[in-house]
Amino acid sequence: MITKQEIHKLLESYDQKKIKIATVCSHSALQIFHGARAEGFKTIGIVTKDKLPIYEAFPNARPDEFIVVDSIADIPIDDLAAKNAILIPHGSLVEYPKLRAEDMKIPIFGNRASLRFERSRSLMFDWMTQAGLKIPKIFKPDEIDRPCIVKSAGAKGGYGYKVVKTPEEFYRRVTDRNDIIIQEYLVGIRVYPHFFYSPFGKIGYPAGKGKLELMSMDRRVETNVDELYRTMSVDVWVDPTFRIVGNEPIVIRESMLSDIFKAGKGVAEAADKLFGGMPGPFCVELVINDELEMYAFEISARIVAGTNIFPTGSFYSAYSYEMPMSTGRRIAAEIKSGISLSKLDKIIY
Amino acid sequence: MITKQEIHKLLESYDQKKIKIATVCSHSALQIFHGARAEGFKTIGIVTKDKLPIYEAFPNARPDEFIVVDSIADIPIDDLAAKNAILIPHGSLVEYPKLRAEDMKIPIFGNRASLRFERSRSLMFDWMTQAGLKIPKIFKPDEIDRPCIVKSAGAKGGYGYKVVKTPEEFYRRVTDRNDIIIQEYLVGIRVYPHFFYSPFGKIGYPAGKGKLELMSMDRRVETNVDELYRTMSVDVWVDPTFRIVGNEPIVIRESMLSDIFKAGKGVAEAADKLFGGMPGPFCVELVINDELEMYAFEISARIVAGTNIFPTGSFYSAYSYEMPMSTGRRIAAEIKSGISLSKLDKIIY
Amino acid sequence: MITKQEIHKLLESYDQKKIKIATVCSHSALQIFHGARAEGFKTIGIVTKDKLPIYEAFPNARPDEFIVVDSIADIPIDDLAAKNAILIPHGSLVEYPKLRAEDMKIPIFGNRASLRFERSRSLMFDWMTQAGLKIPKIFKPDEIDRPCIVKSAGAKGGYGYKVVKTPEEFYRRVTDRNDIIIQEYLVGIRVYPHFFYSPFGKIGYPAGKGKLELMSMDRRVETNVDELYRTMSVDVWVDPTFRIVGNEPIVIRESMLSDIFKAGKGVAEAADKLFGGMPGPFCVELVINDELEMYAFEISARIVAGTNIFPTGSFYSAYSYEMPMSTGRRIAAEIKSGISLSKLDKIIY
């Protein structure tokens with residue numbers, strides 16, 4: 001992993017008045033460009049040729065400049081550095097097989113170390129435990145005695161996840177057993193709160209040395225599991241799959257916001273201890289059971305796609321901002337604060 | 001119950017230029033404070049210590065003043081009256097066991113008598129019948145011959161609701177049989193229209209001597225029933241529970257707005273006859289079956305939590321207001337009208 | 001069908017400075033009036049007496065003028081022409097049994113020929129095939145070997161749709177076999193992208209000689225199928241029905257926008273070839289399976305009711321427009337462009 005020091009040295013060479021915001025054209029890039037533009041930044045889109053027409057189609061979310069690449073793996077690091085660009089990481093950067101964003105010598109918004117924790121199941125487990133989160137019971141294959149979900153490594157959008165109920169079913173149905181995790185299948189409602197942690201800490205819930213804001217909240221929609229009830233109703237049974245296709249808004253009972261913020265605070269403070277903090281957006285993926293207990297089953301240590309519902313703000317951001325504030329825009333606003341406070345090194349490393 | 005006359009006498013002692021809006025920090029308080037602020041009111045939050053950081057976290061929804069209490073039951077009535085405060089009731093006030101808002105000598109927005117009707121299953125039944133609503137068939141335990149939902153008293157967020165199909169199942173599974181109601185379990189889509197009834201009646205659908213506005217609409221999300229299909233798909237069967245965890249937006253077929261407004265009008269006019277009217281927000285909880293018939297299964301006689309999706313207005317409020325109009329803001333706007341028309345006594349008793 | 005030439009002749013007689021926007025008070029009329037008003041047009045609502053209070057209830061969506069009719073079938077064509085009105089078609093016009101909008105001698109926004117393709121199952125099949133869309137396998141009754149959905153003709157909001165699994169079940173349960181279609185029942189998540197195709201082509205995705213905009217996206221909510229899992233969870237099995245009662249928002253994975261736009265482009269370009277183009281709004285009704293493949297099961301060749309979620313714009317329109325842009329408003333903006341470019345004949349025929 002590139003060190004903080006190397007990045008900060010590179011950052012010092014940047015013209016602070018001409019900093020640009022760059023990201024890969026995928027995942028939540030439209031929102032990131034749209035938000036950066038609202039905060040007055042010039043933007044750069046790293047795009048593969050086939051995606052170009054999409055990012056040209058939306059005038060208010062179109063980057064000011066495109067860098068066309070053959071593959072997302074070919075992020076033109078030197079070119080970006082020459083252009084004073086800060087790279088905003090998102091799910092596609094974590095997920096893309098050949099890409100290790102934490103090894104790229106380019107200023108990245110947030111703490112690149114967090115991406116490593118997101119990618120590894122065992123580091124993730126440590127993180128959630130240290131955060132004080134209730135987590136689903138973890139099983140070894142031979143211990144499976146209830147419905148469990150078998151997850152493959154990395155943020156692959158739920159691809160290949162399987163539900164199994166017995167060791168036999170596990171061995172029969174799960175063939176790629178590399179870096180998998182077997183979690184108890186929790187029954188309840190999933191909610192995905194979108195947090196933003198700022199070390200500059202003007203508004204929000206106190207956490208560590210900074211403040212935690214609740215930007216918005218969604219529920220993921222996965223194919224085919226989230227419409228399987230339709231075929232079940234005519235007695236047709238198909239194996240569930242869990243590939244994310246989209247997101248829908250959900251607002252939570254106001255009395256549960258305490259627990260939501262406590263979960264976020266735990267995650268932010270554990271990040272402080274484990275890898276030096278996590279400025280910027282993150283998401284704690286929760287299931288709420290019939291006792292209104294919250295269980296966390298994953299953390300996303302960067303902007304999540306659920307924020308794409310809210311490019312003009314949400315039912316939560318309205319309580320913090322007069323202007324329409326998306327997570328994408330919040331990122332840009334934080335970089336702007338970092339520049340004006342001469343503290344970019346607190347949020348970029 | 002405190003009488004109208006007592007409240008109006010107290011209200012007369014208020015400095016009309018310094019009226020403040022107060023509520024208990026829970027349920028829909030963020031929206032109420034946010035809306036009151038938009039209409040220029042000072043606000044007071046009655047808050048327990050553990051909730052304080054939540055209500056401090058959102059600068060645009062933070063009350064101007066906090067009154068910290070040990071328990072929601074300790075609403076500081078005299079203190080509020082001394083501060084010219086009008087109390088806005090919400091679900092937590094109806095639900096909280098020791099609290100009887102209708103007995104509190106403090107001006108309450110709306111008609112406090114409605115809270116009594118909301119709390120009692122038998123009064124609710126009369127109200128819905130008088131309103132001309134289709135309602136689910138009510139069963140005595142020994143008559144149960146189809147799926148029925150057994151509900152406990154009060155707005156407890158669905159806690160302890162059970163579905164039973166036979167008398168035997170009822171006696172086996174329902175142990176607390178105090179003030180319960182056994183309703184036919186209706187099959188269809190639930191929708192929760194959020195109405196606002198104004199006796200000042202500038203815009204909206206004619207009802208009684210005033211006008212009825214449709215502010216927004218939601219669908220409740222309940223744990224675990226609303227994700228049970230996920231486990232069912234792998235042949236795991238868990239008893240459904242019905243605890244509300246959140247809300248999601250839904251817009252209804254425009255051709256069904258007639259029936260929606262008729263339901264709201266029926267409820268508002270029955271309230272006129274039964275207990276002298278119900279100014280302010282309310283919700284009729286509906287199920288729409290496969291013949292597009294609407295059945296009402298409950299009325300909430302105050303702001304409902306589903307409105308929390310819409311602090312900056314909804315797909316319906318946009319058709320009535322240029323500015324972002326939430327139900328919380330609508331309440332404040334109504335109080336403002338009451339003050340300027342010198343008719344606060346029409347909406348506060 | 002009335003010819004393009006006849007309509008254009010009529011259109012030439014219109015006072016271009018006094019063009020009004022008219023529609024039938026149903027389906028998405030509130031949005032259409034609201035949008036037309038935002039673009040500065042006067043509006044006319046054709047309304048039955050029973051619906052009048054609804055369209056009077058919303059001051060910002062109330063048409064400037066009502067024409068009260070006994071039945072939607074009685075659209076006062078000559079009266080509308082005398083008032084310089086352009087008629088906006090929507091689902092109620094396609095669906096209403098006695099009404100053939102394509103035969104009415106009044107300028108209609110969009111290409112009236114598209115309504116004929118929407119109404120006929122076989123023309124629809126040709127259109128989807130020419131568009132290059134993956135479509136569900138079509139079955140003859142005796143070939144049914146998997147779950148199939150049997151659809152009746154026209155956009156009847158899902159009324160009478162049935163799921164059958166065998167020829168025997170088909171013959172037993174489907175009695176009206178007139179102009180039906182038997183489609184493979186696809187397992188996956190339904191999404192309904194709302195497109196707007198403009199031949200004037202300023203912004204958006206290139207398609208034909210114009211540009212394609214993505215305005216918003218929804219998922220339909222159908223009774224009783226979309227809450228059947230609730231009764232299934234207590235082992236109560238009811239036949240699913242598919243009547244649309246409403247719509248909820250959904251945002252799609254950004255990486256899938258390519259496929260979404262390709263589907264829309266295919267449909268727009270096939271419309272060019274098959275019936276001379278389809279300016280204005282349309283919707284391709286899609287199911288996304290567990291391989292993230294998109295199957296189209298219908299096209300709506302006009303504004304769809306799902307756009308009613310977004311009278312002040314959506315998570316997609318925000319990327320194209322600074323102002324709150326609904327599909328209803330987009331229609332009015334297009335007519336305004338047509339007037340100012342003296343090219344109304346490109347979008348009205």
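Residues numbered from 1 in each chain as written. Chains lettered and ligands numbered in written order. Predicted model: local features only at pLDDT ≥ 70, side-chain atom pairs only at ≥ 80, totals over all residues.

**Here we look at the sheet that holds strand E3 (residues 65-69) of chain B**
Residues and elements named next belong to chain B.
- Ordered by their spatial adjacency, four strands build an open sheet running E3-E2-E1-E4, and the pairing between neighbours is parallel. In this open sheet, the two strands that pair with only one neighbour each are E3 and strand E4 (85-87). On average, each strand axis in the sheet is inclined to that of its neighbour by 25 degrees, with strand direction left out of account.
- Two strands pair when backbone bridges link them, and strand E1 (residues 20-24) and E4 are joined in this way by three bridges, in the parallel orientation. Across the sheet, isoleucine 21 pairs through a bridge with isoleucine 86, a residue of E4. (Pairing = 2+ DSSP bridges. Helix = DSSP H or I, 4+ residues; strand = E, 2+ residues; numbered from the N terminus. Axes fitted to C-alpha atoms, helices over the stretch in contact; angles between N-to-C directions.)

**Considering the relation of the copies chain A and chain C**
- For the pair chain A and chain C, the superposition axis carries a translation of 0.0 Å, the fit reaches an RMSD of 0.0 Å, and the rotation angle comes to 120 degrees. The operation mapping one copy onto its partner corresponds to a three-fold rotation axis. Considering only C-alpha atoms, the part of chain A nearest the rotation axis is Tyr229(A), at 3.4 Å.
- In this assembly, only 10% of the residues forming the interface of chain A have copies in chain C that are likewise at the interface, indicating a heterologous arrangement. (Least-squares fit on C-alpha atoms with pLDDT ≥ 70 in both. Contact = placed C-beta atoms within 7 Å.)

**A word on the sheet that holds strand E4 (residues 85-87) of chain A**
Residues and elements named next belong to chain A.
- Spatial ordering of the open sheet is given by E3-E2-E1-E4, a layout of four strands whose pairing is parallel. In the strand order of this sheet, the two ends are held by strand E3 (65-69) and E4, each with one partner. Each adjacent strand pair in this sheet contributes to an overall mean axis angle of 25 degrees, direction not counted.
- By the bridge criterion, five bridges tie strand E1 (residues 20-24) to strand E2 (residues 42-48) in an arrangement that is parallel. Counted as the bridge partner of alanine 22 is isoleucine 44 from E2.

**Topic: the interface of chain A and chain C**
- Residue-level contacts link 42 residues of chain A with 38 residues of chain C.
- Mapped by element, the contributors of at least two residues to the side of chain A that touches chain C are helix H2 (29-38), helix H3 (52-57), strand E10 (210-224), helix H9 (228-232) and strand E11 (242-249) of chain A.
- A total of seven residues in the side of chain A that touches chain C trace back to one element, the largest contributor, which is E11(A).
- The class makeup of the residues in the side of chain A that touches chain C is 21 nonpolar, 14 polar and seven charged.
- Note: E11(A) against strand E12 (residues 251-252) of chain C, two bridges, orientation antiparallel. Its bridge partner being in E12(C), Asn247(A) is matched across the sheet by Val251(C). (Nonpolar A, V, L, I, M, F, W, Y, C, P; charged D, E, K, R; others polar.)

**A word on the domain arrangement of chain A**
Residue and element names in this part refer to chain A.
- Taken as a whole, chain A is organised into domain 1 (4-133 + 187-346) and domain 2 (141-184).
- The C-alpha centroid of domain 2 is placed 26 Å from the C-alpha centroid of domain 1.
- Taken together, the 13 residues of domain 1 in the interface contact twelve residues of domain 2.
- Breaking the side of domain 1 that touches domain 2 down by element, the ones donating at least two residues are helix H5 (91-95), helix H6 (113-119), E11 and strand E14 (294-300).
- Class assignment for the residues of the side of domain 1 that touches domain 2 results in five nonpolar, two polar and six charged. (Domains from an automatic or database assignment.)

**Details of the interface of chain C and chain B**
- Counting residues at the interface gives 42 residues for chain C and 39 residues for chain B.
- Of all the secondary-structure elements, those providing two or more residues to the side of chain C that touches chain B are helix H2 (29-38), helix H3 (52-57), strand E10 (210-224), helix H9 (228-232) and strand E11 (242-249) of chain C.
- When grouped by side-chain class, the residues that make up the side of chain C that touches chain B number 21 nonpolar, 14 polar and seven charged.

**Observations concerning the environment of Asp226(C)**
- With respect to the element layout, Asp226(C) can be found in the loop between E10 and H9.
- Residues Asp226(C) and Asp179(C), 47 residues apart in the sequence, show an inter-C-alpha distance of 26 Å.
- Excluding its chain neighbours within four sequence positions, the residues that come into contact with Asp226(C) are Ile189(B) and Val221(C).

**What about unusual backbone geometry?**
- Note the cis peptide between Thr223(A) and Asn224(A), where omega equals 0 degrees.
- Turning to its location among the elements, Asn224(A) is positioned in strand E10.
- Although it is not a glycine, His27(B) sits at a positive phi angle of roughly 65 degrees.
- Examined against the element boundaries, His27(B) turns out to sit in the loop between E1 and helix H2 (29-38).
- The phi angle at Ser342(C) is positive, at roughly 55 degrees, despite the residue not being glycine.
- Here Ser342(C) is to be found in the segment after helix H11 (327-340).

**Some remarks on the pairing of E11(C)**
All names here are of chain C.
- Burial runs high along E11: seven of the eight residues are buried.
- Sheet topology note: the E10/E11 ladder contains seven bridges and is antiparallel. The partner of arginine 219 across the bridge, within E11, is glutamate 248. (Buried ≥ 20, exposed ≤ 12 C-beta atoms within 10 Å, placed from the backbone.)

**Focus: H2(B)**
Residue and element names in this part refer to chain B.
- Here H2 lies mainly inside the structure; nine of its ten residues are buried.
- Residues of H2 that are buried in the fold lie against E1, strand E2 (42-48) and helix H11 (327-340).
- Taken from the residues just after H2, glycine 40 is the one with a positive phi, measuring 90 degrees.

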